[in-house]
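The lines below spell out each chain.
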Amino acid sequence: MAMRSPLVLVAMLAACEGAPSYLQGRGYVADREATLGWVLLAIASAVVVVIAILVLGATFRRRPPGGDLIREGGGMRWIVIGAIIVPSVILLGTTIYSTVVLARVARPAAKPSIVVQVIGHRWWWEVRYPGTSPAEAFATANEIHIPVHQPVQLELSSADVIHSFWIPQLAGKMDLIPGQTNVTWIEADTAGAYRGQCGEYCGLQHAGMRMSVVADSPAEFTRWLQAQRQGAAAPAADLAAAGEQVFQRSACAVCHTVRGSEAGGAVGPDLTHFASRATLAAGVLPNTQGNLAGWVANPQGIKPGVIMPAVPLRPADLHAVIAYLQALK
Amino acid sequence: MATVASPASDLALHERLLEHWETRPGLFGVFGTVDHKTIGKRYLVTAFVFLILGGIEASIMRLQLAHGDLRLVTPEEYNQLFTLHGATMIFWYASPVLSGFSNYLWPLLIGARDMAFPRLNAYSYWTFLLSGVFLYSSLLVGQAPDGGWFAYVPMTRAEFSPGLNLDFYALALILLTISTTAGAINFIVTVFKLRAPGMSINRIPILMWGTTTTSFAALFALPSLTVACVMLYLDRRFGTRFFDAAGGGHPLLWQHLFWIFGHPWVYIVVLPAMGIVSDALPTFCRRPLVAYTVVALATVTTGILGFGVWVHHMFATGLAPLAISFFSAASFAITIPSAIAVFAWIATIWHGRPVIRTPFLFMAGFIVLFVIGGVSGVATAAASFDQQLTDTYFVVAHIHYVLIGINLFPVAAGLYYWFPKMTGKLMDERLGRWNFWTMFVGFNLGFFPMHISGLLGMPRRIYTYPSGIGWDTVNLITTVGAFLFAVGVLLLVINVVRSRLRGAPAGPNPWDGPTLEWATSSPPPPYNFAVIPTVGSRHPLWEKRLEESGRSVLDEGPTLEAEKTTLETSPLDGQLTDVLHMPEDTLYPVLHALALMATFYGLLVRSTWLSVAGAVLVLALTIGWLWPTARALEEA
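Calculation rules
- Residues numbered from 1 in each chain as written.
- Chains lettered and ligands numbered in written order.
- Predicted model: local features only at pLDDT ≥ 70, side-chain atom pairs only at ≥ 80, totals over all residues.
- Heavy atoms only, no water.
- Helix = DSSP H or I, 4+ residues; strand = E, 2+ residues; numbered from the N terminus.
- Rg over C-alpha atoms; globule rule 2.2 N^0.38 Å.
- Buried < 20%, exposed > 50% of the residue type's maximum accessible area, 1.4 Å probe, protein only.
- Areas by Shrake-Rupley, 256 points an atom, 1.4 Å probe, with all protein chains shown as cover.
- Lys, Arg positive; Asp, Glu negative; His and termini not counted.
- Charge placed at Lys NZ, Arg CZ, Asp CG, Glu CD.
- pLDDT = per-residue confidence, 0-100.
- Contact = heavy atoms within 4.5 Å.
- Pairing = 2+ DSSP bridges.
- Axes fitted to C-alpha atoms, helices over the stretch in contact; angles between N-to-C directions.
- Phe/Tyr/Trp six-rings, centres within 6.5 Å; stacked < 30°, edge-to-face > 60°.
- Lys NZ or Arg CZ within 6 Å of the ring centre and 35° of its normal.
- Parallel < 35°, antiparallel > 145°, perpendicular 65-115°, else oblique.
- Nonpolar A, V, L, I, M, F, W, Y, C, P; charged D, E, K, R; others polar.
- Expected span 1.5 Å × (residues − 1).

Caption draft 1: Region of the structure containing the overall build of chain A. Along its length, chain A carries 9 helices and 12 strands. Computed over C-alpha atoms, the radius of gyration of chain A comes to 27 Å, more than 25% over the 20 Å expected from 2.2 N^0.38 for 329 residues, which places it beyond the range of a compact globule. Within chain A, the fraction of its 329 residues that count as buried is 53%. Accessible surface, chain A as shown: approximately 14,000 Å² in total, 62% of it carbon and sulfur. Put simply, chain A has 24 plus and 21 minus side-chain charges, and the middle of one group is 10 Å from the middle of the other.

Caption draft 2: A look at the confidence of the model for chain B. Residue and element names in this part refer to chain B. With 99% of its residues at a pLDDT of at least 70, chain B reaches an overall mean of 95. Segment residues 1–8 is flagged for pLDDT under 50; beyond a separation of four residues in sequence, or across chains, it makes 20 contacts in the model. With pTM at 0.95, the complex prediction returns an ipTM value of 0.94.

Caption draft 3: Expanded view of the sheet that holds strand β4 (residues 143–147) of chain A. Residues and elements named next belong to chain A. Pairing in this open sheet of 3 strands is mixed, and the strands run β4-β10-β9 from one edge to the other. Whereas interior strands pair on both sides, the edge strands pair on one side only; in this sheet they are β4 and β9 (192–197). Pairwise comparison of adjacent strand axes, ignoring direction, gives a mean angle of 25 degrees for this sheet. For β4 and strand β10 (residues 210–216), the ladder comprises 5 bridges, and the chain directions are parallel. Looking across to β10, one finds that Pro-147 is bridged to Asp-216.

Caption draft 4: Structural detail: the sheet that holds strand β5 (residues 152–158) of chain A. Residues and elements named next belong to chain A. Here 5 strands make up an open sheet; going across it, the order is β3-β2-β1-β5-β8 and the pairing mixed. The open sheet has two free edges, formed respectively by β3 (138–141) and β8 (182–186), since each of these has just one partner strand. Neighbouring strand axes in the sheet, compared pairwise and without regard to direction, differ in orientation by 30 degrees on average. Relative to strand β2 (residues 124–129), strand β1 (residues 114–121) runs antiparallel, the two sharing 5 bridges. For Gly-120, the partnering residue across the bridge sits in β2 and is Trp-125.

Caption draft 5: Region of interest: the pairing of β5(A). All names here are of chain A. Extensive coverage of β5 is indicated by the burial of 6 of its 7 residues. For β1 and β5, the ladder comprises 7 bridges, and the chain directions are parallel. Looking at the pairing, Ile-114 lines up with Val-152 of β5. Bridge count between β5 and β8: 5 bridges; the pairing is antiparallel. Bridge assignment links Val-152 to a residue of β8, and that residue is Ile-186.

Caption draft 6: Molecular detail of the packing of aromatic side chains. One pass over the full model with this rule turns up 64 aromatic pairs over all chains. Taken together, a centroid distance of 5.0 Å and an interplanar angle of 70 degrees make the contact between B:Trp310 and B:Phe327 edge-to-face. One end of the pair, B:Trp310, is in the loop between α10 (292–305) and α11 (321–333); the other, B:Phe327, is in helix α11, with 17 residues separating them in the sequence. With respect to class, B:Trp310 is no different from B:Phe327; both count as buried. An aromatic cluster of three or more residues is present, and its members are B:Phe91, B:Trp92, B:Trp149, B:Phe242, B:Phe243, B:Trp254, B:Phe258, B:Trp259, B:Phe261 and B:Trp265. The residue whose ring lies beneath A:Arg32 is A:Tyr28, and the NZ or CZ to ring-centre distance is 3.7 Å.

Caption draft 7: View of the packing of helix α4 (residues 75–110) of chain B against helix α8 (residues 251–268) of chain B. All names here are of chain B. At their nearest, the axes of α4 and α8 sit 10 Å apart, and the two run at 45 degrees to each other. One element, α4, and the other, α8, form an angle in the oblique class. Note on element contacts: α8 touches α4 through Phe-261, Trp-265 and Ile-268, opposite Ile-90, Phe-91, Ser-95 and Leu-98. When grouped by side-chain class, the residues that make up the contact of α4 with α8 number 6 nonpolar, 1 polar and no charged.

Caption draft 8: Region of the structure containing helix α12 (residues 335–350) of chain B. Here α12(B) is 16 residues long and its end C-alpha atoms lie 22 Å apart, about the 22 Å a rise of 1.5 Å per residue gives. Burial within α12(B) is extensive, with 14 of its 16 residues counted as buried.

If you want it as structure tokens, here you go:
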């Protein structure tokens, strides 16, 4: 029992590359939560080791050769020291420490200049950048870009059931609840893409409700913003242009918006710059031609229960739609 | 009043008492018995059946999660599996199994002949059984609950969940709360009114402190669950909008109601189990429990504080940091009473002379698991870190260390300890050791790595995960450990069945235990004690050897042989106040429970005539049940 120190295992496994471990923070909030976490886990491990040793020691310690029953008396000191004094000191310390962390991470030092609205849907993330004027506002989905080293305010709400916004390496969870808007914030201290996932069970495809936050350098972020604010360019290639026709007259346009075209559906994700996103189907698949074709042809096969229906398309039309979507840079 | 005799071997007395107390053989006896020992054993067996059902569900889930991207079950099947698994283990195993122990043991521990309300006791069992049958009948139509055991709205409103799934959930839980409420009332009255003369309240075993505390907690916590389930049912079936934000309701209302019930419930399923350890451990340490009074008070304190921590399930819902920090501090503070119990057990071992038998192994292992589950709980009390931990596998690890470590391990210890009393046969010690080590190693191998998958960012309640992001190995280890653990539980079942058939005879007191249940034969006669004892200390069977000042009298006293009666005493000092007439076996409880279930099926399928017919039947049976006996009319 004593040799199974949790800390060692945790340290070993937290080094696993790729896992979105919140013990390896990459943002202001997550850094502080991770430090708090390591302290708590260290105390916890020490307590478990001490107790295991005490249980073994109490069981196997040498005793004078015995008679019958042992009379009552003795032992209160164990309780006073072990169960009252020592834990009170430790718990008071951790309570104060954890309250301080809670206060520190509750809001950023300065009011963030960038606001991102995230609206939870079964099972994808609508992301809105309101900007400073209606002309600047645009919507995207499942991939949030932020500038590194800058606090970003998140306004979270839900269109249907409760979801939870969670990028383990940037910050802990905040729920998206119908009927209220929860405000929180994130700040990345290293550029890169961070995996996230819905943190509250929300039905059939809770497992398939993933996303990412990409922390860009300020220059990259500005470029990204400007590109996203534009409507989609008319497709240049013939195949893609044919695909746009298919998209407009089939069920696709009923649910999806492509700004700059006639497609203005509001049920599914905004696809204006779909090809600029790294994943599709809310972070479930890399955004490649093959995956995209498989997804459009049979969404239920990839995310059983997903609300997007399989739109019956002739192979040539499917091919054209894929070309169109891939042209939406 | 009663005759005073010294009739330990008086066969005639035995015959006379049997006449009043023995359940008639045949179908009437099977369905009509009100004997607390039969009811207690039924509770235990039924709870274990639910444990095995929940275990099968868990095994399928562990196969699915053994590696990323597996497709053994569909998302819908997986969601039904984890919902059934959670609900079954928490509601239909963890609490009823402890009711089983308490029902079987309480009258034996306090020198009474039955529980205060034997018919209500039978009713608690039948409604418990039938509520479970009701829940599992959902599988027959393929619409088992799929909203998680916590069933968060609005996902569980008809809008997003149109099937019968959540109707099964809400109605089965309401039926179960009726059972649990009846049981809680019975325990409270029994502990305060039925103790043998001289058994003042500071002489009852800790198990009774645990169950009494949880019974009070249940009475205050359950209405919150019942109300929540009724509101959910009304929202779903009649279009009310309690939980609909667009209609002026609020989804968080459900969460508050659910957790005001839910967190006390965690203590409800562990305090009696901790009591089992506090009572059985001293027997194997050859000394009384260290600091009995402090442990008893810590038990009550935990039950009270348990009502002040529910918001720690809601740290990520957007509540104000100030509100959160109060509940965070309370969640830290509740650690202290648990630490008191832990150190009382360790001190009892240290200052005792341990006899290492199977029950001791389960209890020593339990202490370590208790502490692991405790300190991981402390980590979740730190609000800002909990915003990371919540809804990850770290919490899955925590809840299993609590529910398996603090419930199932003491339950196994209790089974090994009291099985000889229940059956008159000893359990196999060699198989017992295999049983313990398989369970202990399997449990830690299976559930410890869940802490790590959680820290690696793996959320709970996902039917699959992408392979290759660092979660595969740790999940495979968990699956292997979980199956080893399942083998361990199977060994427990095998040992129970085998020992029941071929165990060595136990005699009245095989462990040289100190408390009253060991003073009567194994298994006890239907009337428990031929002579109602008078209790002079906490350890009636040890007091002479411990040279305690108290003197209990076990072989002389009232025999109450003229009628079916037991003694009533005062709530605190245990002074004799009256003689109570006890009810005969009756079919009213089982019929009433069946009628209630029919009503609930009516509500489920929206059949007005079935609901109304069932309700009328329930009313008629209630009147029949409560119809005064000839004696009651005479006394009036």
